[in-house]
Amino acid sequence: MAVPIFRSSSPSHSNRWFHTFPTPNISIPQKRNLISCCAPSELNPIRSQVRRPEVSFCVGTHLIPHPNKVEKGGEDAFFVSSYNGGVVAVADGVSGWAEQNVDPSLFPRELMANASDLVGDEEVNNDPQILLRKAHAGTSSKGSATVIVAMLERSGTLKIANVGDCGLRLIRKGQIIFSTSPQEHYFDCPYQLSSEVVGQTYLDATVCSVQLMGGDTIVMGSDGLFDNVFNQEIISTVAGCSDVAKAAKALANLAHNHSKDSSFDSPYSSEARTRGFDVPWWKKVVGKKLTGGKLDDITVIIGQVVSM
Ligand SMILES: [Mn+2]
């Protein structure tokens, strides 16, 4: 039997709140014109100075399960690989499967395990969209998941494939200069890779490339992060931490605290109001409005770009 695509147990809010930023234009250092009188022995050091440095990720991660799902570790899954400049990925199991007596954590975990095994695969050829195709094709669990994969090449090119509402932010010099956008069918029903034919495929992924440079930081996460923490808070939290592990933990804790705070005007509740969901009129007339974070599994991956 086909199972309808669904999302969460509390369809009272929505979560499309991201902004899209233009892909930054990075100028490539031009080779210096060498004057003809230089002796060959003097040319080499100059060439090596202008060679573009290779980059890789220094990665910190932190996962906090939904308070009701702590025992089995929640329904998010992720992996980090040192392949090439680094590969990072998050998958978020669609919780509605529990209503069909299916454990929602199995599909995203299998998807991430497959993707992790396939990062260096010849057919994948450093293409995150093909990675999703092959990882999805290799699943046998019932279920579905939103998923994002980012692969960093040593040249600094970050290739991203995204299905659904996991997300990625790129921070450069204290500003978010690139952000992924979530995909959804309708309110609270994101695009998702599924065991059922009604789901999306790798062809539905949003695919993009961004040029990174040393000192850049990427923040990747499940919707549990972005529904509960504003971009400005992401920037300030990352800036206030001395390393990627601390930053990932601090962001996850912030999201977790906001998710439990019924008076916090979260990105989630703010977006819900713009979609027409709010408290009843008789509460509105006394100045009340819909607020609160969204309880969810929270996965945070921070990647700092280091020159080698
Ligand atoms: Mn989630």
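See above for the structure.
Conventions adopted
Residues numbered from 1 in each chain as written. Predicted model: local features only at pLDDT ≥ 70, side-chain atom pairs only at ≥ 80, totals over all residues. Buried ≥ 20, exposed ≤ 12 C-beta atoms within 10 Å, placed from the backbone. Helix = DSSP H or I, 4+ residues; strand = E, 2+ residues; numbered from the N terminus. Arc of directions from axis to C-beta. Contact = placed C-beta atoms within 7 Å. Axes fitted to C-alpha atoms, helices over the stretch in contact; angles between N-to-C directions. Left-handed = near helix turned anticlockwise from the far one by under 90°. Nonpolar A, V, L, I, M, F, W, Y, C, P; charged D, E, K, R; others polar. Parallel < 35°, antiparallel > 145°, perpendicular 65-115°, else oblique.

(A) Structural detail: helix α5 (residues 231-239). Within α5 the residues assigned to the buried category are I234, T237 and V238. The arc that holds every buried residue of α5, seen down its axis, measures 95 degrees, which confines them to one face. When the buried face of α5 is taken as reference, the exposed residues oriented beyond 90 degrees from it are Q232, S236 and A239.

(B) Main features of the environment of P53. Tracing the chain through its elements places P53 in the loop between α1 (40-50) and β1 (55-64). What makes P53 partly exposed here is the crowd of 13 C-beta atoms within 10 Å. In sequence terms P53 and G214 are 161 residues apart; their C-alpha atoms lie 8.7 Å from each other. Setting aside anything within four residues of it in sequence, one finds P53 in contact with G214, S307 and M308.

(C) Fine view of the packing of α5 against helix α6 (residues 244-259). Across the interface, α5 lies against α6 with an axial gap of 9 Å and an inter-helix angle of 140 degrees. Along this stretch, α5 crosses α6, giving a crossing that reads as right-handed. On α6, the residues touching E233, I234, T237 and V238 of α5 are A247, A250, L251 and L254. Looking at the contact of α5 with α6, its residues break down into six nonpolar, one polar and one charged.

(D) Up close: the packing of helix α2 (residues 106-118) against helix α3 (residues 128-137). At a minimum axis separation of 8 Å, α2 and α3 run at an interaxial angle of 125 degrees. On the basis of the axis angle, α2 is oblique to α3. Seen from above, α2 lies across α3 with right-handed handedness. The residues of α3 that touch α2, namely those facing L111, N114, A115 and L118, are L131, K134, A135 and H136. The residue inventory of the contact of α2 with α3, partitioned by class, reads five nonpolar, two polar and one charged.

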